[in-house]
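Chains, contacts and geometry: an overview
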Amino acid sequence: MAGSTEPTGTAPAIGQPLWLLAELTYQCPLHCVFCYNPTQHARINDEMSTAQWVDVMQQARKLGAAQLGFSGGEPLLRDDLEELVQEAHRLGYYTNLITSGVGLTPTRAQKLKDAGLDHVQLSFQDSTKELNDFLSHTKTFDLKQRVARLIKQHDWPMVMNCVLHRHNLPHVGKIIEMAVALEAEYLELANTQYYGWAWINRDHLMPTREELQEAEAVVNRFRAEQEGKTGPRTRVLFVVPDYFEERPKACMNGWGSVFLSIAPDGLAMPCHNARDLPGLQLPNVKDTSIAEIWQRSNAFNAFRGDSWMKAPCRTCDERHKDFGGCRCQAFLITGDATEADPVCSKSPHHEKVVQLVKQAPTRRSIPIVFRSDAESRLLHAEPNA
Amino acid sequence: MSTLPNQPKLSRRFRLQYEEAQSRWVLLYPEGMVQLNPSAAEILQRCDGVRTVEGIVAELEAAFNAQGIAPEVQALLEEGQRRGWID
């Protein structure tokens with residue numbers, strides 16, 4: 001498949017999997033319309049055991065993994081989370097709980113603190129109860145406020161994450177105010193990345209360039225006000241809306257470069273959206289060692305280095321800066337994972353991205369799809385089932 | 001100029017740790033890791049809120065049989081303060 005002709009590129013140097021993402025479960029009490037989990041999540045239910053996760057953490061740590069994110073789905077749905085955090089802490093990981101907040105009771109928070117959890121990333125959908133609860137299809141706004149206070153009571157550094165799209169971009173100022181009031185150390189304003197459920201719902205989520213520019217101006221004003229301030233403050237990260245850019249993101253800092261994601265069923269992926277890429281033959285930690293997976297598996301080597309690249313990436317002087325962008329995005333939009341990320345204006349498929357943005361407002365008669373097991377089964381019905 | 005505290009202390013928001021696999025010291029923080037060069041690591045290990053800047057300089061000069069490293073220590077601490085590593 002990838003790079004089968006003219007191996008003129010440099011041989012890929014294999015680094016260390018510094019970042020381990022443990023997606024403990026795809027189950028989630030929320031139903032967010034922009035969730036990046038695979039839309040076939042309901043069919044993936046052979047979750048790994050505690051012992052299997054412990055083994056994964058031990059192997060990855062030996063290979064150099066230092067940052068460990070417990071994610072999902074909602075990782076708090078696993079009742080062995082405290083046990084896993086404790087083992088991760090013992091191994092020397094810097095541990096991060098990536099949560100919706102649902103299930104973070106005072107009792108569990110105390111247990112996680114005792115287990116050595118280092119920080120918490122809490123998702124919010126909006127600064128208003130109405131939109132938060134609508135987009136997640138749950139009544140969770142008040143709960144998240146309580147959880148945020150609980151996180152601060154336990155002296156965890158808090159990252160608040162809010163996915164941005166056309167519905168909440170006009171509220172960015174209020175979202176920042178809320179993060180400051182809740183004493184978040186970091187606010188991640190993550191413009192929607194169109195994968196999974198977000199890809200299905202892209203027409204409903206896609207903002208206009210003007211909406212984005214206004215929001216970014218608000219962010220920049222806030223940053224300017226913070227300049228030179230001492231004492232605790234909230235750092236705002238603005239994840240670029242890449243459909244509106246001329247150059248792609250340096251996705252995963254390069255394929256198989258530093259990032260290792262393990263799905264609930266043990267599938268090992270160089271990117272948490274790689275499950276849908278055709279022909280990858282993703283390895284599974286249930287039957288293959290992490291060292292073997294990281295260093296020798298075809299999937300992790302498929303897009304390492306630059307020998308897999310086609311034109312225009314192959315000869316582009318920016319190819320070691322953005323690594324050709326995102327493989328999943330290339331596949332979703334061009335049908336070929338070895339193409340340049342079409343976000344790039346040099347891509348022959350760039351016009352498709354322009355059209356996706358332009359046509360979105362005309363395509364909103366299609367119903368919005370809330371993430372749920374039922375919708376997942378509908379989208380991925382077995383033929384003749 | 002110096003707004004540095006006399007007794008610099010590593011922020012509790014950062015964890016200084018030796019990484020065997022990388023053969024170097026790193027600073028870990030939410031969703032990030034700073035890979036430190038050996039001199040930065042030596043300096044930051046001594047930022048305990050008790051030692052003074054002068055004390056750190058003297059200690060390092062003695063330990064590494066070096067002289068005149070005060071500007072380097074100062075620069076690293078200022079950089080650390082700017083990036084929130086130092087309280």
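Residues numbered from 1 in each chain as written. Chains lettered and ligands numbered in written order. Predicted model: local features only at pLDDT ≥ 70, side-chain atom pairs only at ≥ 80, totals over all residues.

Some points on the overall build of chain A
Of regular secondary structure, chain A possesses 15 helices and 9 strands. When its C-alpha atoms are laid out on the principal axes, chain A stretches across 60 × 55 × 50 Å. Burial status across chain A gives 47% buried among its 385 residues. (Helix = DSSP H or I, 4+ residues; strand = E, 2+ residues; numbered from the N terminus. Buried ≥ 20, exposed ≤ 12 C-beta atoms within 10 Å, placed from the backbone.)

Thoughts on the overall build of chain B
Along the backbone of chain B there are 3 helices and 3 strands. Seen along its three principal axes, the alpha-carbon backbone of chain B occupies a region of about 35 × 30 × 20 Å. For chain B, buried positions account for 24% of its 87 residues. Across chain B, the fraction of contacts at a sequence separation of at least 24, relative to all contacts at a separation of at least 6, is 48%. (Contact = placed C-beta atoms within 7 Å.)

Observations regarding unusual backbone geometry
Each neighbour pair has its own omega, and for glycine 72 of chain A with glycine 73 of chain A the value is 10°, a cis peptide bond. Tracing the chain through its elements places glycine 73 of chain A in the loop between strand S2 (67-71) and helix H2 (81-91). In the Ramachandran plot, glutamate 31 of chain B falls in the positive-phi region, its phi being about 60° despite a non-glycine side chain. By C-beta crowding, glutamate 31 of chain B is classed as partly exposed, having 18 other C-beta atoms within 10 Å. Positioned with a positive phi, asparagine 65 of chain B is a non-glycine residue whose angle comes to about 50°. In this structure, asparagine 65 of chain B sits in the loop between helix H2 (53-63) and helix H3 (70-82). Overall, asparagine 65 of chain B belongs to the exposed group, with 6 C-beta atoms counted inside 10 Å.

Quick word on the sheet that holds strand S1 (residues 19-23) of chain A
All names here are of chain A. Pairing in this open sheet of 9 strands is mixed, and the strands run S7-S6-S5-S4-S3-S2-S1-S8-S9 from one edge to the other. Only two strands of the sheet have a single neighbouring strand rather than two, namely strand S7 (235-239) and strand S9 (268-269). Strand direction decides the pairing type here: S1 and strand S8 (residues 259-262), joined by 4 bridges, are parallel. Paired with alanine 22 across the bridge in S8 is isoleucine 262. Strands in contact with helix H6 (residues 172-181) are strand S5 (158-164), strand S6 (186-191) and S7; relative to S6, the strand with the most contacts, it is inclined by about 150°. (Pairing = 2+ DSSP bridges. Axes fitted to C-alpha atoms, helices over the stretch in contact; angles between N-to-C directions.)

Some points on the pairing of S1 of chain A
Residues and elements named next belong to chain A. Counting buried residues along S1, 5 of its 5 residues qualify, which places the element largely inside the surrounding structure. Neither face of S1 is left uncovered, since the one carrying Trp19, Leu21 and Glu23 and the one carrying Leu20 and Ala22 both have all their residues buried. Two strands pair when backbone bridges link them, and S1 and S2 are joined in this way by 5 bridges, in the parallel orientation. Its bridge partner being in S2, glutamate 23 is matched across the sheet by serine 71. Taking the sense of rotation as the criterion, the β-α-β connection linking S1, helix H1 (residues 50-62) and S2 turns out right-handed. (Right-handed = clockwise from strand over helix to strand, strands pointing away.)

Section: the confidence of the model for chain B
In the predicted model, chain B carries a mean pLDDT of 93, and 98% of its residues have values of at least 70. Here the predicted complex carries an ipTM of 0.90, next to a pTM of 0.92. (pLDDT = per-residue confidence, 0-100.)

Structural notes on the environment of phenylalanine 259 of chain A
Residues and elements named next belong to chain A. Turning to its location among the elements, phenylalanine 259 is positioned in strand S8. A sequence separation of 65 residues divides phenylalanine 259 from tyrosine 194, and the C-alpha atoms of the two residues are 20 Å apart. Apart from residues lying up to four places away in sequence, phenylalanine 259 is in contact with Trp19, Met252, Asn253, Pro270 and Cys271.

Focus: the nonpolar core
Residue and element names in this part refer to chain A. The biggest cluster of nonpolar side chains holds 123 residues, and the ones touching the most others in it are Met158, Met160 and Leu260. When residues of this core are assigned to their parent elements, the largest contribution, 6 residues, is made by S5. Not counting residues up to four positions away in its chain, the partners in contact with leucine 260 are Pro17, Trp19, Leu20, Ala60, Ala65, Ala268 and Trp294. (Core = buried A, V, L, I, M, F, W, Y, C linked by C-beta atoms within 7 Å.)

Regarding the sheet that holds strand S2 (residues 24-29) of chain B
All names here are of chain B. The sheet built from 3 strands is open, its strands ordered S1-S2-S3 with antiparallel pairing. With one partner strand each, in any of the chains shown, strand S1 (15-19) and strand S3 (32-35) form the two edges of the open sheet. Across the sheet, the axes of successive neighbouring strands diverge by a mean angle of 30°, strand direction being ignored. Pairing geometry for S1 and S2, over 5 bridges, is antiparallel. Within S2, the position partnered with leucine 16 by the bridge is leucine 27.

Quick word on the packing of H2 of chain B against H3 of chain B
Residues and elements named next belong to chain B. One way to put it is that H2 packs onto H3 with a least axis distance of 10 Å and a crossing angle of 130°. When the axis of H2 is compared with that of H3, the two are oblique. For the element pair H2 and H3, the recorded crossing hand is right-handed. Two secondary-structure elements touch here, H2 through Val53, Ile56, Val57 and Leu60 and H3 through Ala70, Val73 and Leu77. For the contact of H2 with H3, the class distribution of residues is 7 nonpolar, no polar and no charged. (Parallel < 35°, antiparallel > 145°, perpendicular 65-115°, else oblique. Left-handed = near helix turned anticlockwise from the far one by under 90°. Nonpolar A, V, L, I, M, F, W, Y, C, P; charged D, E, K, R; others polar.)

Quick word on the pairing of S2 of chain A
Along any regular strand, the residues point their side chains to alternate faces of the sheet. Within S2 of chain A, 5 of the 5 residues are buried, which leaves the element mostly enclosed by the surrounding structure. Note on the crossover from S2 of chain A through H2 of chain A to strand S3 (residues 94-99) of chain A: the handedness is right-handed.

Considering the confidence of the model for chain A
For chain A, the mean per-residue pLDDT works out to 93, and 95% of the residues sit at or above 70. In the predicted structure, residues 1-8 of chain A sits below a pLDDT of 50 and forms 9 contacts with residues beyond four places in sequence or in another chain.

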